[in-house]
Amino acid sequence: MKQDVVVATGPDPVDARLGARLAELRAERGWSLGELAERSGVSRSTLSRAERAEISPTASLLNRLCGVYGRTMSQLLSEVEAEPALLVRAAEQPVWEDRASGFLRRSVSPPHTGLRGELVEGRLTAGADIAYDRPPVPGLEQHIWVLEGALDVTAQDVEHHLDTGDCLRLRVWGPTRFRCAGSEPVRYVLAVVLP
C-alpha cells in the first residue's frame, strides 16, 4: 500500500498554512470531510490530520486534492507561501512615480496585509501640488516627517507648514493636500496607521 503522508516531527509553519488553506477550500464549497473523502479517494482521517497540520501531505495527496479543487499544485502552494520578508533592502523597495504631478512614492515597509502600519517615502518636485478628495480609509492616522525641504499639508481646511525636521500627526477624515512649499524638492516620510 502506498503512503500518502509523512509524519512530521514537529509543527511546520508551511504545513500549518497549507492545512489551514485546505480547510478553507473545503469550507468554501460547503463539503464535509466525508464528501471530500469520496471526491478525492483520500480517507477522512488523513484529510482531517492534513487540515490540522498533524501530518505533512505528500505530492500524491496534494495532487489528488488539487484535482478536486480545480487548481494546480503551484497555485495551491503559492497561496500558502511564507510570510513576507521582515527586511526589504532599499534597492528592492517598490517605487511608483506620478510624473504628471511631480510625485514619487517609495514603499519602505516590508509588505504585510495583517499589519496596521507602514512607512512611505514621498518626494515632491518644486511646485508640485497633490490633492486627495478622501482618504483610502476614513480615520487613517498619518505622521508626516519632513527630511529635506519644506511641505505644506492641508487637512480639514487647516494648512500646516512643515520645514526640515518638522513632524505633523493627524487623522484623515476628508480631503488633504500636499504641496512642495519651497523652490527645492521636498522629501518626507509618511507613517500610515490604519484605525
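1. Things to note about the overall build of the chain
Along the chain, the regular secondary structure elements total 5 helices and 12 strands. The 195 residues of the chain split such that 36% are buried. Contacts spanning at least 24 positions in sequence make up 63% of the contacts within the chain whose residues lie at least 6 apart. For the chain, the accessible surface area stands at approximately 11,800 Å², while carbon and sulfur atoms represent 53% of it.

2. Notes on the sheet that holds strand S4 (residues 103–107)
In spatial order, the strands read S3-S4-S5-S12-S7-S10; together these 6 strands make up an open sheet with antiparallel pairing. Each having just a single partner strand, strand S3 (95–98) and strand S10 (167–172) make up the two edges of the open sheet. Put simply, the sheet's adjacent strands are angled 20° from each other on average, direction ignored. Relative to strand S12 (residues 186–193), strand S7 (residues 140–148) runs antiparallel, the two being bridged by 7 bridges.

3. Observations regarding the packing of aromatic side chains
Counted according to the given criterion, the structure contains 4 aromatic pairs. Taking 6.3 Å as the distance between ring centres and 70° as the angle between the ring planes, the aromatic pair formed by Trp96 and Phe103 counts as edge-to-face. By relative accessible area, Trp96 is classed as partly exposed at 48%. With centroids separated by 5.9 Å and ring planes inclined at 25°, the aromatic side chains of Phe178 and Tyr188 adopt a geometry described as stacked.

4. Topic: the sheet that holds strand S6 (residues 129–132)
For sheets, the rule is that strands pair by backbone hydrogen bonds, running either parallel or antiparallel. On the basis of which strands lie adjacent, the open sheet formed by 4 strands has the order S6-S11-S8-S9 and antiparallel pairing. In the strand order of this sheet, the two ends are held by S6 and strand S9 (158–162), each with one partner. Averaged over all pairs of adjacent strands, the angle between their axes in this sheet comes to 15°, without regard to strand direction.

5. Quick look at unusual backbone geometry
In this model, Ala53 sits at a positive phi of 60°, which is unusual for a non-glycine residue. If you trace the backbone, Ala53 turns up in the loop between helix H3 (44–51) and strand S2 (55–57). Given the relative accessible area of 22%, Ala53 is considered partly exposed. For Asp157, which is not glycine, the phi dihedral falls at a positive 65°. As for its placement among the helices and strands, Asp157 is situated in the loop between strand S8 (151–155) and S9.

6. Looking at the layout of surface pockets
Empty space within the largest pocket amounts to approximately 560 Å³. Ranked by residue count, the leading element in the lining of the largest pocket is strand S5 (residues 117–124), at 5 residues. Residues that form the lining of the largest pocket fall into these classes: 17 nonpolar, 8 polar and 4 charged.

7. Quick look at the nonpolar core
Grouped together as the largest cluster of nonpolar side chains are 21 residues, with contacts concentrated most on Leu124, Ile144, Leu151, Val153 and Tyr188. Mapped onto this core, the elements with two or more residues apiece are S5, S7, S8, S10, strand S11 (176–180) and S12. The dominant element in this core, judged by the number of residues it contributes, is S12, at 4 residues. When neighbours within four sequence positions are excluded, Ile144 is seen to be in contact with Leu151, Val153, Leu162, Asp166, Cys167, Leu168, Leu170, Phe178, Tyr188, Val189 and Leu190. Among the nonpolar cores identified, the runner-up in size contains 18 residues, and Leu22, Leu61, Leu65 and Val80 belong to it.

8. Quick notes on helix H2 (residues 33–40)
Within H2 the residues assigned to the buried category are Leu33, Gly34, Leu36, Ala37 and Ser40. Each buried residue of H2 sits inside an arc of 165° when the element is viewed along its axis, so together they form one side. On its buried face, H2 sits against helix H1 (13–29), H3 and helix H4 (59–69). Immediately beyond the C-terminal end of H2, within one or two residues, lies Gly41, with a positive phi of roughly 80°.

Rules used throughout
Residues numbered from 1 in each chain as written. Predicted model: local features only at pLDDT ≥ 70, side-chain atom pairs only at ≥ 80, totals over all residues. Heavy atoms only, no water. Helix = DSSP H or I, 4+ residues; strand = E, 2+ residues; numbered from the N terminus. Buried < 20%, exposed > 50% of the residue type's maximum accessible area, 1.4 Å probe, protein only. Contact = heavy atoms within 4.5 Å. Areas by Shrake-Rupley, 256 points an atom, 1.4 Å probe, with all protein chains shown as cover. Pairing = 2+ DSSP bridges. Axes fitted to C-alpha atoms, helices over the stretch in contact; angles between N-to-C directions. Phe/Tyr/Trp six-rings, centres within 6.5 Å; stacked < 30°, edge-to-face > 60°. 1 Å grid on protein atoms, 1.4 Å probe; cavity = no way out; pocket = protein on both sides within 12 Å on 5 of 7 lines; lining within 4 Å. Points joined across faces, edges and corners; volume = space filled by probe spheres on them. Nonpolar A, V, L, I, M, F, W, Y, C, P; charged D, E, K, R; others polar. Core = buried A, V, L, I, M, F, W, Y, C linked by side-chain atoms within 4.5 Å. Arc of directions from axis to C-beta.

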